[in-house]
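Structural overview for review
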Amino acid sequence: KCVCSRNYVSQYLSREGADCLSAAKSQGKLYNKKKCDSAERHFVNKCGAERNLDDVPDYYQMGPGTLKIPNSLFKNNRDKICKRLADAGVTENSVIFLKGGVQEQQYDTDRDIEFQQESYFMYLFGVMEADFYGALDVDSKSSILFMPRLPDSYAVWMGELKTPEYFKKRYSVDHVFYIDEMKDQLEKLNPSQLLLMNGVNSDSKASFDTPTFEGIENFKVNTDILYDHLAECRVIKSDEEIEVMRYVNRISGEAHKEVMKMMKPGHMEYEGEATFKHYSYMKGGMRFVGYTCICASGENNAVLHYGHAGEPNDKLVKDGDLLLFDMGSEYAGYTADVTLSYPANGKFTEKQKFVYQTCLDANLKVQSELKPGVSWTDMHRLAEEVIIKKFMEKRKKYRLRLCVDTTA
């Protein structure tokens, strides 16, 4: 039995408002389930009917003043992987099949973990919602999204139940179907093979979650080629992608300036993190950061990934501390990575100035040598050469200790 009363059901039907259902439940009164279900369906249908597809944006934008990203960015990314696979001689009538990110709860609670889209899925489709699948015909470049079929109660708890027509317009794809139609729709394509992601991240060593579904055994599956090709596609950015990255870096830079204005001895490190996140979201529409904020002061500067749960930017900033703040905002899956070092009290000591200038000299030297065709590893070693040479010259004066990784 649900909790409601006929009076509230009547109001719910007439006002088409979810607030009436909530009020009814709070009364703890029994009701006629058939009438209440009818009321809920009426509300859901009313919500769906009010959506005018002409009002559905075919771009990503968080709000006025934030960057508008056209869906052509993601369409061009899809075309790019199709061309790369075709040039590599992939079998005709191959279909790329990807699984988007999954909405999960925090451990055994009913609290949703704030969702962020899986990176490769975001790169190809720009979809912000959880629990989607996608398919891409390599030959025709035709794109398909598969969306979850949500219950009517979703409209009451989570918002509007959007239709396949909505998502087709919103993400500028060729077709949208429900996930329970996925197997049949893929069979209609009659692909020679399904290309699935399968690989290991070279940094984290984490394995990719290769997608599967009921009935996949009826298809020929290839997990050997897609991961490497798609990863290489992401290495070189399009002009549209570069515009997004410039925007994210500009906002991140402005946020760092706001942190510099407020950060003084006597503040806590986490106040820098809070200021950065606040500015990025308020001015740039950036709900997420690209990685855990590192707001290190004093001896914490030596900890590469300071700021984690065990060291949550919780040190008091002291007079004479050098700050190392490494933070970058994220927008539509593209992130900045900005690190600044400066004295908390506004004035370098002689030793701090030497270390800072040495690192700056290494940075500028690399920039002067950087060009297409140059090895990243060579640039890394060039930076180390500059730093080591200068440190060796002043090691006695400043009592410097230098740790060198000879395996690099």
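Residue numbers run consecutively from 1 along every chain, following the written order of its sequence. This being a predicted model, a pLDDT of at least 70 is required before a residue's local features are given, and a value of 80 or more before pairs of side-chain atoms are given or counted; all residues contribute to the totals for chains, interfaces and linings. Side-chain descriptors were evaluated using all non-hydrogen atoms of the structure, hydrogens and water having been removed beforehand.

Think of it this way: any DSSP run of H or I at least four residues long counts as a helix, any run of E at least two long counts as a strand, and we number them from the N terminus. Helix and strand counts for the chain stand at 13 helices and 14 strands. Using a 1.4 Å probe, the Shrake-Rupley method yields the accessible areas, and only the shown protein chains count as cover for residues. When the accessible surface of the chain is summed, it comes to about 23600 Å², and 50% of that surface belongs to carbon and sulfur atoms.

Given a rise of 1.5 Å per residue, 16 residues ought to cover 22 Å, and the 22 Å separating the end C-alpha atoms of helix H4 (residues 72-87) matches this to within 8%. Taken together, the buried positions of H4 are occupied by Leu73, Phe74, Asn77, Arg78, Asp79, Ile81, Cys82 and Leu85. Remark: Gly89 follows H4 within two positions and exhibits a positive phi of approximately 85°. What a helix should span is 1.5 Å times the count of its residues minus one. Relative accessible area decides the class of each residue, using a 1.4 Å probe on protein chains only: under 20% of the type maximum gives buried, over 50% gives exposed, and in between gives partly exposed.

Each pair of strands is called paired provided DSSP finds at least two bridges between the two strands. Strand order in the open sheet made by the three strands is S9-S12-S13, with antiparallel pairing throughout. Pairing within the sheet leaves two strands with one partner each, and these edge strands are strand S9 (288-289) and strand S13 (334-335). As paired elements, S9 and strand S12 (residues 329-331) share two bridges and run antiparallel to each other. Residue Phe288 lies in a different strand from S12, and its bridge partner there is Glu330. Any two residues having at least one pair of non-hydrogen atoms within 4.5 Å are treated as being in contact. Helix axes are fitted only over the stretch in contact, all axes being lines through C-alpha atoms; the angle between N-to-C directions runs from 0 to 180 degrees. Contacting S12 and S13, helix H10 (residues 239-262) runs over the sheet at an angle of about 145° to S12.

So, on to the side chain of Asn71. The topology assignment puts Asn71 in the loop between strand S2 (69-70) and H4. Under the rule applied, a polar contact is a pair of N or O atoms within 3.5 Å (in protein, one hydrogen donor and one hydrogen acceptor; residues adjacent in sequence only if both atoms are side-chain atoms). Among the polar contacts listed, one links the side chain of Asn71 to the backbone oxygen of Arg170, at a separation of 2.7 Å. When sequence neighbours within four positions are dropped, the list of residues in contact with Asn71 reads Asp58, Tyr59, Lys169, Arg170, Tyr171 and Ser172.

A few words on the packing of helix H12 (residues 350-369) against helix H13 (residues 376-398). Where H12 meets H13, the axes come as close as 9 Å, and the angle between the chain directions of the two elements is 155°. With respect to H13, the element H12 is oriented roughly antiparallel. In this structure, H12 crosses over H13, and the sense of that crossing is right-handed. Across the interface between the two elements, Glu350, Lys351, Phe354, Val355, Thr358, Asp361, Ala362, Lys365, Val366 and Glu369 from H12 touch Met379, Leu382, Ala383, Val386, Ile387, Lys390, Phe391, Lys394, Lys397 and Tyr398 from H13. Residues are sorted three ways: Asp, Glu, Lys and Arg are charged, Ala, Val, Leu, Ile, Met, Phe, Trp, Tyr, Cys and Pro are nonpolar, and all the rest, Gly among them, are polar. Residue composition of the contact of H12 with H13, grouped by class: 11 nonpolar, one polar and eight charged. Oblique is the label for any angle not covered by the other classes, which are roughly parallel (under 35 degrees), roughly antiparallel (over 145) and roughly perpendicular (65 to 115). Crossing handedness follows the turn of the near helix against the far one: under a right angle anticlockwise gives a left-handed crossing, and clockwise gives a right-handed one.

What follows covers the packing of aromatic side chains. Planes of paired rings set the category: under 30 degrees apart is stacked, over 60 is edge-to-face and the rest tilted, where pairs are Phe, Tyr or Trp rings (Trp by its six-membered ring) whose centres lie within 6.5 Å. Counting across every chain of the model gives 17 aromatic pairs. An angle of 45° between the planes, with centres 5.1 Å apart, marks the rings of Phe348 and Tyr356 as tilted. Residue class for Phe348 comes out partly exposed when judged on its relative accessible area of 30%. Feature note: the residues Phe97, Tyr133, Phe213 and Phe219 constitute an aromatic cluster, connected by ring pairs. A ring has a charge above it when a Lys NZ or an Arg CZ is no more than 6 Å from the ring centre and no more than 35 degrees off the ring normal. One cation-aromatic arrangement involves Lys68 over Tyr59; the distance from NZ or CZ to the ring centre is 4.5 Å.

The next subject is the nonpolar core. Buried Ala, Val, Leu, Ile, Met, Phe, Trp, Tyr and Cys residues form a nonpolar core when they are joined through side-chain atoms within 4.5 Å. Ranked by size, the top nonpolar core spans 47 residues in total, and within it Ile69, Ile81, Ile96, Leu145 and Tyr331 carry the most contacts. Mapped onto this core, the elements with two or more residues apiece are H4, strand S3 (94-99), helix H5 (119-125), strand S5 (143-147), helix H7 (164-171), strand S6 (175-178), helix H9 (226-235) and H10. The element contributing the most residues to this core is H5, with six residues. Excluding residues within four positions of it along the chain, Ile81 makes contact with Ile96, Leu124, Leu136, Leu226, His229, Leu230 and Cys233. Ranked by size, the runner-up nonpolar core spans 14 residues in total, among them Met262, Val317, Leu323 and Met327.

Within the secondary structure, Ser329 is located in strand S12. The exposure class of Ser329 is buried, given its relative accessible area of 0%. Setting aside anything within four residues of it in sequence, one finds Ser329 in contact with Val248, Ser252, Phe276, Ser280, Met286, Phe288, Val289, Gly290, Tyr334, Thr335 and Ala336.

This brings us to the packing of H10 against helix H11 (residues 269-284). Contact pair H10 / H11: the axes reach a minimum separation of 8 Å and the direction vectors enclose 140°. Taken together, the axes of H10 and H11 lie oblique to each other. Here H10 and H11 pass one another in a crossing that is right-handed. Residues Tyr247, Ile251, Ser252, Glu254, Ala255, His256, Glu258, Val259 and Met262 of H10 pack against Glu271, Gly272, Thr275, Phe276, Tyr279, Ser280, Lys283 and Gly284 of H11. Tallied by class, residues from the contact of H10 with H11 come to seven nonpolar, six polar and four charged.

Attention now moves to a nonpolar patch on the surface. On the surface, Phe348, Tyr356, Leu360 and Leu364 cluster together to form a nonpolar patch covering roughly 320 Å² of accessible area. When you line up the elements, Leu360 lands in helix H12. Taking the relative accessible area as the measure of exposure, Leu360 reaches 31% and is therefore partly exposed. Each patch groups residues whose relative accessible area exceeds 30% and which form no salt bridge, using 9 Å between like charges and 5 Å between nonpolar side chains of Val, Leu, Ile, Met, Phe, Trp and Tyr. Any Lys or Arg side-chain nitrogen located within 4 Å of an Asp or Glu carboxyl oxygen qualifies as a salt bridge.

Let us look at the pattern of salt bridges. The final tally for this structure, using the stated rule, is 13 salt bridges. Residue Lys277 is joined to Glu273 by a salt bridge in which the shortest nitrogen-to-oxygen separation is 2.9 Å. Of this pair, Lys277 and Glu273 both sit in helix H11, four residues apart, which is roughly one turn of the helix. Taking relative accessible area as the criterion, Lys277 reaches 37% and is therefore assigned partly exposed.

In the predicted model, the chain carries a mean pLDDT of 90, and the fraction of residues at 70 or more is 86%. For every residue, the pLDDT score states the predictor's confidence, bounded by 0 at the bottom and 100 at the top. Of the regions scoring below 50 in pLDDT, residues 1-18 engages in 49 contacts with residues more than four places distant in sequence or in other chains.

Within the open sheet, the six strands sit side by side as S6-S5-S4-S3-S7-S8. Their pairing is mixed. One side of each edge strand has no neighbouring strand; the edge strands of this open sheet are S6 and strand S8 (221-222). With four bridges joining them, S5 and S6 adopt parallel strand pairing. What sits directly across from Leu145, in S6, is Val176. Relative to strand S4 (residues 133-137), H4 is tilted by about 50°, and along the sheet it contacts S3, S4, S5 and strand S7 (193-195). Packing of H7 onto the sheet brings it into contact with S5 and S6, and relative to S6 it is tilted by some 145°.

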